[in-house]
Amino acid sequence: MVPADLRYTKEHEWVRQDGDIATVGITQFAADELGDVVFVELPAVGATLQQHGTFGVVESVKAVSDLFAPVAGEVVEINGDLVAAPELVNIDPYGRGWMLRVRLSDPGQPAALLDAAAYESVTHG
Amino acid sequence: MTDTPAPGEGEAAPRETPLVATHRAVGARLIEFGGWLMPVQYRGILDEHRAVRERAGLFDLSHMGELFVEGPGAGDALAAALVSDPRRLEVGRAHYSMICQPDGGIVDDLIVYRLAAERFLVVANASNAGVVSDLLAERIVAFRAVLDDRSLATGLCAVQGPRSAAILAPLTDVDLAPLRYYAAVEGQVAGIPALVARTGYTGEDGFEVFVEWARTTELWAALMDGGRAEGLEPCGLGARDTLRLEAGMPLYGNELDRATNPYDAGLGRVVKLDKDGDFVGRSALERLAVAPPTRRLVGLTITGRGIARHGYPVVSGGRVSGVVTSGTQSPTLGRPIAMAYVAPGDEEPGTILAVQVRDQHVDAVVTPLPFYRRPR
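Being a predicted model, the structure only gives us computed values, none of them experimental.

A. Summary view of the overall build of chain A. Scanning chain A from terminus to terminus reveals four helices and nine strands. Along chain A, from the amino end to the carboxyl end, the secondary structure elements read β-β-β-α-β-β-β-β-β-α-α-β-α. Expected size for 125 residues packed as a compact globule is a radius of gyration near 14 Å; at 13 Å, chain A falls within 12% of this value. Along the first, second and third principal axes, the C-alpha set of chain A runs to 35 × 35 × 20 Å. Going through the 125 residues of chain A one by one, you find that 43% of them count as buried. Looking at chain A alone, contacts between residues at least 24 apart form 63% of all its contacts between residues at least 6 apart.

Below, the structure is given as structure tokens:
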């Protein structure tokens with residue numbers, strides 16, 4: 001089961017909206033598929049994200065995967081804990097494993113993403 | 001998030017070891033490797049890696065190629081086919097070897113065991129087993145020796161880690177204490193006729209146990225049952241790769257290939273130019289042995305932020321020095337490590353280089369191999 005209050009992409013990112021701020025991370029499914037996460041590369045605060053553009057990289061012991069921005073906006077905060085503890089992405093992907101917060105260019109964007117039920121059908125498809 | 005596809009995946013259905021159902025039953029993730037469906041991880045690569053460094057791990061290596069060469073001319077045949085001189089092996093001992101092309105390019109790296117005066121076992125990498133088998137058959141034609149390719153008739157399980165002797169001893173009639181590193185002896189394990197070798201690919205003490213194909217699942221179950229109290233964990237190819245990289249051991253397809261000769265790889269000691277008789281590659285290797293090197297295989301410790309991966313460029317000042325052959329986050333050292341070919345002059349330990357990781361240059365320092373040496 002994935003959290004019901006989040007929005008999702010078929011590339012396995014999640015978005016939590018709070019007004020014009022969106023918190024972004026990757027799903028438990030993605031973290032499990034990757035295996036032990038050992039490195040996360042994130043943009044600088046102030047960077048501008050294009051929707052569907054790459055915003056960073058997550059690396060497990062074996063694999064390198066691009067991260068795609070689920071929404072457009074300006075990065076206002078990144079999760080600095082992931083530098084020393086990238087494993088938080090595996091341990092708590094929807095909580096302490098969050099990646100960045102974005103000031104949304106269009107606060108209507110998250111609502112157009114997949115809801116929990118639609119995302120579940122992606123991972124079980 | 002999207003995965004970068006793994007290169008070189010074959011089209012034919014992969015072969016399966018006798019243990020595939022066993023691996024599936026405990027939730028292993030299976031991938032295709034060298035034409036075989038193999039477990040890449042069970043609980044997780046980091047857990048499995050630590051189990052081998054601290055306790056013990058059990059690996060299914062039944063995909064490896066087992067080529068038996070027998071007959072009064074077996075030693076001479078192998079001396080002519082390989083770069084090493086297996087005639088110098090005492091019975092019961094083994095050595096690292098390579099089979100090369102006439103131009104000195106490496107076809108595969110091998111372990112050669114002398115099981116009897118006129119009987120040798122050559123263990124080849126899974127992805128090359130067919131090619132090595134064909135080449136050996138060709139190269140020994142003129143000798144009084146026969147090749148028996150038992151790759152698909154031989155199961156192989158490896159117990160690796162500081163607790164491996166304690167795990168194996170109660171299950172075998174082989175006296176493990178006098179069995180030296182790179183030695184092997186025939187006996188029984190869990191009542192199964194076996195060849196027990198003190199060899200491995202992890203940088204730890206450990207054993208490789210060869211049995212008849214049909215008894216591999218029985219062997220695996222006995223080792224798992226016997227090892228549970230010692231903390232034995234099933235381990236996949238993911239941990240095998242991080243363990244061998246920390247131990248500074250080359251992997252065919254990464255550090256070694258047909259475009260690479262033993263001297264490039266720093267493995268010139270394996271080539272016995274002083275042995276009697278011709279061997280395939282001799283004249284090319286004699287030239288290469290004294291030619292100035294064109295590149296050097298080194299260890300790199302990444303001091304900047306980023307993980308070097310296979311194929312990433314290595315730069316020195318403004319110029320490209322070489323290329324990363326293997327790289328990962330080292331579970332034991334807690335920092336990224338890599339092996340790379342660099343330009344001559346850049347190989348001295350302490351040399352500061354950089355690895356191009358996507359659009360950034362990440363600092364790296366040349367580090368003596370191995371990165372990890374087990375405490376004795």
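B. Representation of the domain arrangement of chain B in the model. Residues and elements named next belong to chain B. As assigned here, chain B comprises domain 1 (1–291) and domain 2 (294–376). Computed from C-alpha coordinates alone, the two centres of domain 1 and domain 2 are separated by 26 Å. At the level of secondary structure, the elements contributing two or more residues to the side of domain 1 that touches domain 2 comprise α2 (45–54) and α7 (237–246). Ranked by residues supplied to the side of domain 1 that touches domain 2, first place goes to α2 with four residues. For the side of domain 1 that touches domain 2, the class distribution of residues is five nonpolar, six polar and six charged.

C. Seen up close, the pairing of strand β8 (residues 73–78) of chain A. All names here are of chain A. Pairing analysis gives two bridges linking strand β5 (residues 48–49) to β8, with the strands arranged antiparallel. Bridge pairing in β8 places T48 opposite E74. Judged from the five bridges that link them, β8 and strand β9 (residues 100–104) form a sheet pairing that is antiparallel. Within the sheet, the bridge partner assigned to I78 lies in β9 and is L100.

D. Summary view of unusual backbone geometry. Across the junction of L369 of chain B and P370 of chain B, the peptide omega takes the value 0 degrees, indicating a cis bond. Mapped onto the elements of the fold, P370 of chain B is located in the segment after β21 (360–367). Here H12 of chain A, not a glycine, exhibits a phi torsion of approximately 75 degrees, which is positive. Taking the number of C-beta atoms within 10 Å as the measure of exposure, H12 of chain A has 25 and is therefore buried.

E. Up close: the interface of chain B and chain A. Listed per partner, the contact involves 14 residues of chain B and 19 residues of chain A. Those elements giving two or more residues to the side of chain B that touches chain A turn out to be β1 (2–3), α2, α7 and β18 (319–329) of chain B. Tallied by class, the residues present in the side of chain B that touches chain A amount to four nonpolar, eight polar and two charged.

F. View of the environment of E87 of chain A. Residue and element names in this part refer to chain A. Tracing the sequence through the fold places E87 in the loop between α2 (81–84) and α3 (88–91). Once the C-alpha coordinates of E87 and T123 are considered, the two residues, 36 residues apart in sequence, prove to be 22 Å apart. Ignoring sequence-local partners within four residues, the contact set of E87 consists of D36 and V37.

Calculation rules
- Residues numbered from 1 in each chain as written.
- Chains lettered and ligands numbered in written order.
- Predicted model: local features only at pLDDT ≥ 70, side-chain atom pairs only at ≥ 80, totals over all residues.
- Helix = DSSP H or I, 4+ residues; strand = E, 2+ residues; numbered from the N terminus.
- Rg over C-alpha atoms; globule rule 2.2 N^0.38 Å.
- Buried ≥ 20, exposed ≤ 12 C-beta atoms within 10 Å, placed from the backbone.
- Contact = placed C-beta atoms within 7 Å.
- Domains from an automatic or database assignment.
- Nonpolar A, V, L, I, M, F, W, Y, C, P; charged D, E, K, R; others polar.
- Pairing = 2+ DSSP bridges.

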